[in-house]
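These are the residues of each chain, in order.
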Protein chains: 2
Amino acid sequence: MPTTETLDRELTEHLRRRGQRVTPQRLVLHRVLRERDRHVTAEEAMRALDRELPNVSLPTVYANLELFEELGIVRRVAMEGGPALFDSRTEQHDHVACRRCGRVEDIEASVDDVRALRAARAAGYEPERTDVVVVGLCSDCRA
Amino acid sequence: MPTTETLDRELTEHLRRRGQRVTPQRLVLHRVLRERDRHVTAEEAMRALDRELPNVSLPTVYANLELFEELGIVRRVAMEGGPALFDSRTEQHDHVACRRCGRVEDIEASVDDVRALRAARAAGYEPERTDVVVVGLCSDCRA
DNA sequence: CTGGATGCAAACTCTTTGCATGCAT
DNA sequence: ATGCATGCAAAGAGTTTGCATCCAG
């Protein structure tokens, strides 16, 4: 785990490069995301923020998660029904989701998406990524 | 394309088998879905219904799309942000989605999900299906 | 100083729920 | 006749927008 100073410096560089301001809200949100290193909802992120920097608003959290997505710091993982999840693991990996309780976990599916990408181009699209989600029931929900 | 009579008979059998009622709303919704044979939102389905059977309510459309999903007649395709899409093609196939305008189209990705399913089981899940979505920009949105 | 960033409240979209009425069985 | 299905209205969840204030540059 990088130190707080390292995390803050990383974000500061990212922001300066785009001419955007370095605010305490952004620095702390960034730390929260990187320290947890798992899927969080906007609301969970806000609660975690609150311990270090009270009164941060949900719209600010959403705005900065969107900004971080543009910066490549998080990936938004849209989930059926429930709230959106934000994932600080940005490298290619896949997910398994429980259709009953909405739990989501990482899996290493090692899916070969070459044909999928080719089919997407043939349909006139410029592909950017391939989302693979195995949907099923988690151990708790099967019981 | 099957005739109206065939479509109606198919649905009637499905419903009777589960002890559920055969209503005009269900018959017409079923026809609309099968005739269009593409992704429709609940709202689009309602508008299409309206031409043949006015004053069908959106809650009824949702309730019956959910029922049809249990019957295996449609598959709900959750899409980032926008409204849910309901797909009358229920056999395995994949999608490409435009991240800007939300357009969704079928592709034949022929993805091998064996490792994904194994990884899902290893994580304690009972997999039911694998959703593969190539995300990118459609030809219109690139311009 | 100056304009982008924030907090608050309110709007918005999509979907589900409650309840009285209606109709398939 | 019975009770599931419907239509309407309203609630609910999640996210976005408007706007006055604030603070990073």
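Look up a bit, the structure's there.
From N to C terminus, chain A includes 6 helices and 6 strands. Reading the secondary structure of chain A in the N-to-C direction produces α-α-β-α-α-β-β-β-β-α-β-α. Over its C-alpha atoms, taken along the principal directions, chain A stretches across nearly 45 × 40 × 30 Å. Considering only residue pairs separated by 6 or more positions, chain A has 48% of its internal contacts joining residues 24 or more positions apart. Carbon and sulfur atoms provide 46% of the accessible area of chain A, an area that totals close to 7700 Å². In chain A, 23 positive and 26 negative side-chain charges are present, and the distance between their average locations comes to 1 Å.

Glancing now at the relation of the copies chain B and chain A. Each copy superposes on the other: chain B lies on chain A with an RMSD of 0.1 Å after a rotation of 179° and an axial shift of 0.0 Å. Expressed as a symmetry operation, the mapping of one chain copy onto the other fits a two-fold axis. Among all residues of chain B, the one whose C-alpha sits closest to the rotation axis is valine 132 of chain B, at a distance of 2.3 Å. Here 100% of the interface residues in chain B have copies in chain A that are interface residues too; the copies meet face to matching face.

The environment of DNA strand C is made up of 20 residues, and the closest members are Arg21, Thr23 and Gln25 of chain A together with Tyr62 and Ala84 of chain B. Counted by atom, the contact set of DNA strand C within 4 Å of the protein is 72% sugar and phosphate. In the environment of DNA strand C, a phosphate oxygen lies 3.2 Å from a nitrogen or oxygen atom belonging to the backbone of serine 57 of chain A. In this structure, a phosphate oxygen belonging to DNA strand C sits 3.4 Å away from a side-chain N or O atom of asparagine 64 of chain A. Going through the elements one at a time, helix H2 (24–36) and helix H4 (58–71) of chain A together with helix H4 (58–71) of chain B are the ones with two or more residues in the surface near DNA strand C. Residue classes in the surface near DNA strand C are distributed as 8 nonpolar, 7 polar and 5 charged.

Okay, the protein's contact with DNA strand D next. Surveying the vicinity of DNA strand D reveals 20 residues, the closest of which are Tyr62 and Ala84 of chain A together with Arg21, Thr23 and Gln25 of chain B. The contact atoms of DNA strand D, taken as those within 4 Å of the protein, divide so that sugar and phosphate hold 72%. In this structure, a sugar or linking oxygen belonging to DNA strand D sits 2.8 Å away from a side-chain N or O atom of glutamine 25 of chain B. Here a phosphate oxygen of DNA strand D and a side-chain polar atom of arginine 26 of chain B are 3.1 Å apart. Of all the elements in the fold, those that place two or more residues in the surface near DNA strand D are H4 of chain A together with helix H2 (24–36) and H4 of chain B. Looking at which element gives the most residues to the surface near DNA strand D, the answer is H4 of chain B, with 3 residues.

This part covers the pairing of strand E4 (residues 94–98) of chain A. All names here are of chain A. In terms of residue burial, E4 counts as a mostly covered element, since 5 of its 5 residues are buried. Here E4 shows two buried faces, one formed by Asp94, Val96 and Cys98 and the other by His95 and Ala97. Bridge count for E4 against strand E5 (residues 104–107) is 4 bridges, and the pairing is antiparallel. Directly across from aspartate 94, in E5, lies its bridge partner isoleucine 107. Bridge analysis of E4 against strand E6 (residues 126–137) gives 4 bridges, and the strand direction is parallel.

All names here are of chain B. Taken in spatial order, the 3 strands line up as E1-E3-E2 in an open sheet, and their pairing is antiparallel. The open sheet terminates on both sides in strands that have one partner only, identified here as strand E1 (39–41) and strand E2 (75–77). Here the strands of the sheet are splayed against their neighbours by 35° on average, with no regard to which way each runs. Relative to strand E3 (residues 85–87), E1 runs antiparallel, the two being bridged by 3 bridges. Within E3, the position partnered with valine 40 by the bridge is phenylalanine 86.

Conventions used here
- Residues numbered from 1 in each chain as written.
- Chains lettered and ligands numbered in written order.
- Predicted model: local features only at pLDDT ≥ 70, side-chain atom pairs only at ≥ 80, totals over all residues.
- Heavy atoms only, no water.
- Helix = DSSP H or I, 4+ residues; strand = E, 2+ residues; numbered from the N terminus.
- Contact = heavy atoms within 4.5 Å.
- Areas by Shrake-Rupley, 256 points an atom, 1.4 Å probe, with all protein chains shown as cover.
- Lys, Arg positive; Asp, Glu negative; His and termini not counted.
- Charge placed at Lys NZ, Arg CZ, Asp CG, Glu CD.
- Least-squares fit on C-alpha atoms with pLDDT ≥ 70 in both.
- Near = heavy atom within 4 Å.
- Polar contact = N/O pair within 3.5 Å; in protein donor to acceptor, adjacent residues only side chain to side chain.
- Nonpolar A, V, L, I, M, F, W, Y, C, P; charged D, E, K, R; others polar.
- Buried < 20%, exposed > 50% of the residue type's maximum accessible area, 1.4 Å probe, protein only.
- Pairing = 2+ DSSP bridges.
- Axes fitted to C-alpha atoms, helices over the stretch in contact; angles between N-to-C directions.

Fair warning: the whole summary comes from geometry, so function is off the table for now.
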